[in-house]
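Understanding the architecture of this molecule
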2 protein chains.
Amino acid sequence: MKRRKFIQNSSTIAAMSLATNGFSIGKGDWFKGDVRVGIIGVGARGLSTLSLALQRSDLQVVAICDIDPITTGKALNEIEKAGRPKPELFTNGPTDYKNLLEKKDIDAVFICTPWEWHTPMSIDAMNAGKGVACEVAGAMSVDECWQMVRTYERTKTPFMIMENVCYRRDVMAILNMVRKDMFGELIHMEGGYQHDLREVKFNDGVNYYGGGVEFGDKGYSEAKWRTTHSVFRNGELYPTHGIGPIANCININRGNRFEYLTSIASKSKGLNKYITDHPKGGKDHPNAKIKFKLGDVVTTNIMTANGETIMLSHDTNLPRPYSLGFRVQGTNGIWMDVNNSLYIEGISPSHKWESAEPYLKEYDHPLWKKYESEASGAGHGGMDWFVMNAFIEAFKSKDPMPLDVYDHASWAVITCLSEQSIAQGAEPQSFPDFTDGKWMNRKPIFSFGDNY
Amino acid sequence: MKRRKFIQNSSTIAAMSLATNGFSIGKGDWFKGDVRVGIIGVGARGLSTLSLALQRSDLQVVAICDIDPITTGKALNEIEKAGRPKPELFTNGPTDYKNLLEKKDIDAVFICTPWEWHTPMSIDAMNAGKGVACEVAGAMSVDECWQMVRTYERTKTPFMIMENVCYRRDVMAILNMVRKDMFGELIHMEGGYQHDLREVKFNDGVNYYGGGVEFGDKGYSEAKWRTTHSVFRNGELYPTHGIGPIANCININRGNRFEYLTSIASKSKGLNKYITDHPKGGKDHPNAKIKFKLGDVVTTNIMTANGETIMLSHDTNLPRPYSLGFRVQGTNGIWMDVNNSLYIEGISPSHKWESAEPYLKEYDHPLWKKYESEASGAGHGGMDWFVMNAFIEAFKSKDPMPLDVYDHASWAVITCLSEQSIAQGAEPQSFPDFTDGKWMNRKPIFSFGDNY
């Protein structure tokens with residue numbers, strides 16, 4: 001606290017902070033101890049973030065914000081169990097987060113709220129000079145993406161989009177292989193979000209997953225808000241898990257950029273069938289009358305400035321095993337995750353798939369080698385540990401964020417462009433250049449070395 | 001011969017044949033013995049067709065046509081080895097097939113020539129009243145597809161598109177499962193032609209596959225003509241292996257139809273790299289200067305009238321294992337061939353892939369159960385036997401062809417529409433309705449039961 005007071009009282013720093021909210025000060029001047037954070041939204045995702053935060057010795061959770069007393073209670077329990085000090089609570093309705101942002105002893109916030117809150121909260125946080133670690137989602141509008149970019153450019157407050165799949169162990173090993181040129185020049189990539197979410201979109205209003213066909217006011221947790229997007233929107237609603245790792249492989253916004261996309265959506269049958277087939281649903285259940293606009297499978301093709309093509313598949317309404325459907329293909333080989341196989345010319349037996357396992361071990365990313373034990377047990381197979389670590393370490397070092405506001409904008413905008421394309425019968429849609437041309441000169445920075 | 005003479009001399013039949021080229025006569029009146037066929041084109045594919053034809057006791061190969069004396073010699077050897085009578089030869093240049101078509105003792109022709117010859121030869125054959133078994137390819141123009149359709153409608157000469165993958169064992173087992181409603185209502189399908197053809201597109205001018213970087217005049221076999229399409233065209237050049245099996249699953253032209261597509265093509269790097277890296281090629285080889293127009297990976301999305309979406313992948317320029325990339329997905333489950341796995345709700349363990357093998361065995365198509373031993377050893381894992389058998393049996397029975405001219409036109413036109421879409425930056429392209437609305441009332445006929 002003394003450290004912070006000193007900084008706040010320094011007239012030099014105060015003057016700079018008027019212009020830049022304090023983030024132009026020299027490396028290492030500021031954080032010598034803990035990063036003090038607030039968590040906005042402690043539902044299913046926020047609780048998981050909290051639990052990771054409580055494991056870090058360089059991080060203090062000084063504030064919690066949520067409109068739901070049950071989930072706030074769970075968060076407080078977690079904090080007490082961890083033997084950490086009780087945080088300040090902000091539970092007074094959906095705009096109480098603004099009061100959290102006025103707290104002087106908060107350095108950064110984790111935003112783990114429903115999708116539609118990510119942009120207003122991020123913008124308010126950046127304007128308040130709080131570093132932002134924002135959960136992933138598709139954007140609500142193209143303009144919303146621009147607002148994020150312009151706010152960042154004006155405030156220079158650190159912003160990171162918390163795309164955890166970028167840190168998945170196999171994904172990072174493949175990135176390592178890409179950078180060692182083992183796939184040759186990259187040509188075509190695939191990814192997506194193929195995840196049977198029917199028990200996420202519907203529940204019994206009490207438990208997180210399944211057990212009923214309720215959503216909206218009668219649903220609980222994600223069913224309360226996420227399902228609404230399936231009722232009203234038809235597009236690639238959740239692009240980042242698929243596009244993030246691909247974007248890192250082909251240096252999007254850093255020598256390359258997305259140029260245009262087209263999307264096509266199948267008919268929408270899965271959610272209605274789930275409701276009518278469910279023992280607690282049936283044809284006479286009021287939710288059986290709802291017309292879900294989201295096509296069961298939405299396929300998006302993206303063209304890049306450097307001529308690579310990308311196919312994204314969004315598939316969340318049907319019974320199916322989980323698969324992000326990754327494929328990385330170049331002039332020298334191909335990897336697919338659905339069969340966990342690859343082919344490298346000159347190494348693999350001619351015209352035959354090989355198990356990817358030995359390669360994933362051999363080319364394990366330095367970060368995973370170094371932090372395997374720390375990450376083990378963390379959410380989503382450890383990758384959640386890495387994405388939080390990256391934000392905190394980059395924040396402490398005042399380094400540029402490894403997944404920044406331009407990444408966020410160009411990934412999240414896919415949702416809006418795909419909605420437009422589908423609404424226009426698959427007409428191609430141009431990507432805005434959120435970097436204003438800076439993509440031509442920016443250099444890749446994501447996870448080189450074993451720092452974070 | 002007596003049988004045929006009798007028919008030809010019958011004034012009743014002759015009068016009918018003026019109107020319909022002889023194909024309106026009652027079932028079973030005509031063929032009590034062998035079907036007499038000519039084979040036009042006895043290159044790699046034609047020789048394989050010939051070898052299957054020679055195994056059938058109900059089929060006489062009475063004529064062979066090819067411009068190449070080497071390949072014609074190989075065909076004659078095969079026929080002699082099989083102890084069959086020497087056929088009449090038509091080797092006098094590229095239009096000598098027209099003389100073959102004038103032969104009165106030919107009932108049907110197999111067309112196994114380069115792609116660009118399929119339409120003119122099929123049309124001439126239908127006009128000559130010869131049944132047509134035509135090898136697969138993409139079309140050269142949209143109008144060419146219409147010409148095929150209109151010629152068929154005028155002549156009513158039996159025409160079958162010889163799409164062998166429609167008869168692949170796993171594909172037929174899955175079709176069987178689709179018809180038993182195991183996947184529920186179909187929603188999304190994938191397929192394609194993912195086949196490293198670099199040693200097909202380039203060879204040493206002597207051998208069929210590889211050993212050099214020559215094509216066109218200096219190439220041999222497919223390299224002589226097929227590669228030219230990669231030089232000049234950018235599109236889904238070879239759609240039928242992927243789309244045929246999918247079309248059968250969702251009853252295209254029989255209660256359903258393709259509505260529109262968009263295509264996107266990656267940069268073209270694979271063929272140039274192959275030439276420059278090859279020991280007989282190099283940067284100074286004249287072929288290293290050629291700009292291949294065909295993108296290495298071409299991805300096409302198709303929308304159907306009934307709301308299913310289809311993704312096709314054309315991928316022939318890069319090092320990769322062979323995969324047609326099939327996926328059949330409905331409201332009750334999903335099958336993929338790349339991991340040979342499926343998931344059926346209520347049967348498979350929750351959220352987990354199962355090996356497809358036990359299902360493929362249990363739902364083995366009746367045709368495969370019946371003819372497994374006959375088909376074993378035939379080309380492409382036996383499926384070539386089935387496609388020829390279907391043509392010959394339908395022809396003998398005067399049944400409608402199981403894969404007809406409308407199937408051909410709506411599959412082959414994908415090539416032209418995808419070229420147009422790519423040339424226009426992924427603009428969607430509408431499919432012509434080659435059935436003139438008949439798709440609304442036509443009923444599925446492909447491989448019900450175990451007849452053919």
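From a predicted model like this one, the values you see are computed outputs, not experimental measurements. (Residues numbered from 1 in each chain as written. Chains lettered and ligands numbered in written order. Predicted model: local features only at pLDDT ≥ 70, side-chain atom pairs only at ≥ 80, totals over all residues. Heavy atoms only, no water.)

With the rule as written, the count across this model stands at 13 cavities of 30 Å³ or more. Considering only enclosed or pocket space, the largest cavity measures out at about 270 Å³ in volume. In terms of lining, the largest cavity is formed by 26 residues, of which the most central are Glu190 and Met336 of chain A together with Glu190, Met311 and Met336 of chain B. For the lining of the largest cavity, the secondary structure elements donating two or more residues are strand S7 (186-194) and strand S10 (309-315) of chain A together with strand S7 (186-194) and strand S10 (309-315) of chain B. Here the lining of the largest cavity takes 4 residues from S7 of chain B, the largest share from any one element. For the lining of the largest cavity, the class distribution of residues is 9 nonpolar, 11 polar and 6 charged. (1 Å grid on protein atoms, 1.4 Å probe; cavity = no way out; pocket = protein on both sides within 12 Å on 5 of 7 lines; lining within 4 Å. Points joined across faces, edges and corners; volume = space filled by probe spheres on them. Helix = DSSP H or I, 4+ residues; strand = E, 2+ residues; numbered from the N terminus. Nonpolar A, V, L, I, M, F, W, Y, C, P; charged D, E, K, R; others polar.)

All names here are of chain B. If you trace the 9 strands from one edge of the open sheet to the other, you get S14-S13-S12-S11-S7-S10-S9-S8-S15, paired in mixed fashion. Bordering the open sheet on either side are strand S14 (354-355) and strand S15 (429-430), each of which pairs with just one other strand. With 2 bridges connecting them, strand S13 (residues 341-344) and S14 associate as antiparallel partners. If you follow Ser341 over to S14, its bridge partner there is Ser355. Along the sheet face, helix H16 (residues 405-423) touches strand S8 (258-265), strand S9 (297-304), S10 and S15 and points at about 50 degrees away from the line of S8. (Pairing = 2+ DSSP bridges. Contact = heavy atoms within 4.5 Å. Axes fitted to C-alpha atoms, helices over the stretch in contact; angles between N-to-C directions.)

Residues and elements named next belong to chain A. Of the two faces of strand S13 (residues 341-344), both are covered, the one formed by Ser341 and Tyr343 as well as the one formed by Leu342 and Ile344. The pairing of strand S12 (residues 333-336) with S13 spans 4 bridges and is antiparallel. Its bridge partner being in S13, Trp335 is matched across the sheet by Leu342. If you look at the hairpin formed by S12 and S13, you'll find 4 residues sitting between the two strands, and Asn340 has a positive phi there, around 50 degrees. (Buried < 20%, exposed > 50% of the residue type's maximum accessible area, 1.4 Å probe, protein only.)

Attention now moves to H16 of chain B. Residue and element names in this part refer to chain B. An ideal rise of 1.5 Å per residue puts 27 Å on 19 residues; H16 measures up with 27 Å between its terminal C-alpha atoms. The sharpest bend along H16 reaches about 30 degrees and sits at Ile414. By the criterion of burial, H16 is predominantly enclosed, with 17 of the 19 residues buried. Taking the backbone nitrogen of Tyr406 as reference, a side-chain oxygen 3.1 Å away marks Asp404 as the first, capping residue of H16. (Expected span 1.5 Å × (residues − 1). Bend = angle between axes of the 7 residues up to and from the residue. Polar contact = N/O pair within 3.5 Å; in protein donor to acceptor, adjacent residues only side chain to side chain.)

This part takes up the packing of aromatic side chains. Enumeration according to the criterion identifies 40 aromatic pairs over all chains in this entry. Taking the centre distance of 6.2 Å and the plane angle of 50 degrees together, the rings of Phe215 of chain A and Phe292 of chain A count as tilted. Linking Phe215 of chain A in the loop between helix H9 (198-201) and helix H10 (222-232) with Phe292 of chain A in the loop between helix H12 (270-277) and strand S9 (297-304), this pair joins segments that are 77 residues apart in sequence. As far as the burial class goes, Phe215 of chain A and Phe292 of chain A line up, both buried. Ring geometry for Tyr97 of chain B and Trp117 of chain B: centres 6.3 Å apart, planes at 80 degrees, overall edge-to-face. (Phe/Tyr/Trp six-rings, centres within 6.5 Å; stacked < 30°, edge-to-face > 60°.)

With that out of the way, let us pick up the interface of chain A and chain B. Across the boundary between the two partners, chain A contributes 52 residues, which contact 53 residues of chain B. Contact between chain A and chain B buries roughly 4,500 Å² in total, counting both sides, with carbon and sulfur atoms accounting for 58%. Ranking the residues of chain A by area buried against chain B places Ile264, Lys267 and Pro321 of chain A at the top, with a combined share of 14%. Counting across the chain A and chain B interface gives 10 salt bridges. Between Arg198 of chain B and Glu345 of chain A there is a salt bridge; the shortest N-O distance is 2.5 Å. Across the contact surface, chain A and chain B share 15 residue pairs in polar contact (both at pLDDT 80 or more). For the side of chain A that touches chain B, the secondary structure elements donating two or more residues are S7, strand S8 (258-265), S9, S10, strand S11 (327-330) and S12 of chain A. In terms of residues, the side of chain A that touches chain B owes the most to one element, S9 of chain A, which gives 5 residues. (Buried area = accessible area lost by both parts, 1.4 Å probe. Salt bridge = Lys/Arg side-chain N within 4 Å of Asp/Glu carboxyl O.)

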